[in-house]
Amino acid sequence: TVAPSPSRTSPMSAAIYDDFLNRAMYEMWSANLIAMTLSTEDGSLDALMLAPLGATQGAVTVDAGLPPAVVEQDGQFVAQLGEVALRLDTPGGENGDFLDVMLGGQTALELSIESNELRLAIGTPDLRFAVQDSDWGASNDTITTLLEQQLPIDVILLLLGKFAFPLPAQPGITIAHATAERDPSGE
């Protein structure tokens, strides 16, 4: 194991192990902070996002069956997702009224702090999904193949929203800018 070496000349420096990040993500997951519903009815979902699915109105519900995890791969932070249930309700849609999809995969992450917010920039994701149920009138395998061909990954990422989290406020302490570096040792 390589010992962390925070800067001794910066005004503030810290070393955080993956275990800490994974515990924080576990706590967010167990508090249902990862579960969300976006809807055209309340304006949290733009109807254009549903156009590739043949719908003009609807809702997307996301619920993670497992907490996300951060691991090291080739010296980078990599976020892994597993058992993410995605429910698409598309009432009156051209293809049908609902679609249940199980999603999993991983993506590289870049962590930074700007204006007292923790920001996560994501790389090109490697996502896998499988249709579990629908009323679209075709087999789950056929619909899965159709989605793989028709649904661009950037649309899925837009559905998940922005990844910026405000840092806890402490009197007299503001973090204007910070970067995160990964020990490439993999240990």
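Structure first, text after, so check above.
Presented here is a report on the structure given in the accompanying data block.

The rules behind these values
Residues numbered from 1 in each chain as written. Predicted model: local features only at pLDDT ≥ 70, side-chain atom pairs only at ≥ 80, totals over all residues. Heavy atoms only, no water. Buried < 20%, exposed > 50% of the residue type's maximum accessible area, 1.4 Å probe, protein only. Helix = DSSP H or I, 4+ residues; strand = E, 2+ residues; numbered from the N terminus. Arc of directions from axis to C-beta. Contact = heavy atoms within 4.5 Å. Expected span 1.5 Å × (residues − 1). Core = buried A, V, L, I, M, F, W, Y, C linked by side-chain atoms within 4.5 Å.

## Points about helix H2 (residues 140–150)
Along H2, the positions that sit buried rather than exposed are Ile143, Thr144 and Leu147. Each buried residue of H2 lies within a common arc of 105° when the element is viewed along its axis, so the set occupies one face. Exposed and oriented more than 90 degrees from the buried face of H2 are Asp141 and Gln149. Of the surrounding secondary structure, the elements contacted by the buried residues of H2 are strand E5 (98–114) and strand E7 (126–134).

## A short note on helix H1 (residues 18–30)
Residues spaced three or four apart along an α-helix point in a common direction, a consequence of the helix completing one turn every 3.6 residues. Taking 1.5 Å per residue as the helical rise, H1 with its 13 residues ought to reach 18 Å, and the 18 Å between its terminal C-alpha atoms agrees with that figure. Residues Asp18, Met25 and Trp29 constitute the buried set of H1. Seen from one end, H1 has its buried residues packed into an arc of 40°, which puts them on one side. Within H1, the exposed residues directed more than 90 degrees away from the buried face are Asp19, Phe20 and Arg23. Remark: Asn32 follows H1 within two positions and exhibits a positive phi of approximately 65°.

## Details of the nonpolar core
The biggest cluster of nonpolar side chains holds 22 residues, and the ones touching the most others in it are Val60, Leu99, Val101 and Leu147. Contributions of two or more residues to this core are made by strand E2 (59–64), strand E4 (76–89), E5, E7 and H2. Excluding its chain neighbours within four sequence positions, the residues that come into contact with Val101 are Val84, Ala85, Leu86, Phe129, Ala130, Val131, Gln132 and Leu147. The next biggest cluster of nonpolar side chains, apart from the first, holds six residues, and it includes Phe77, Ala79, Leu109 and Leu111.

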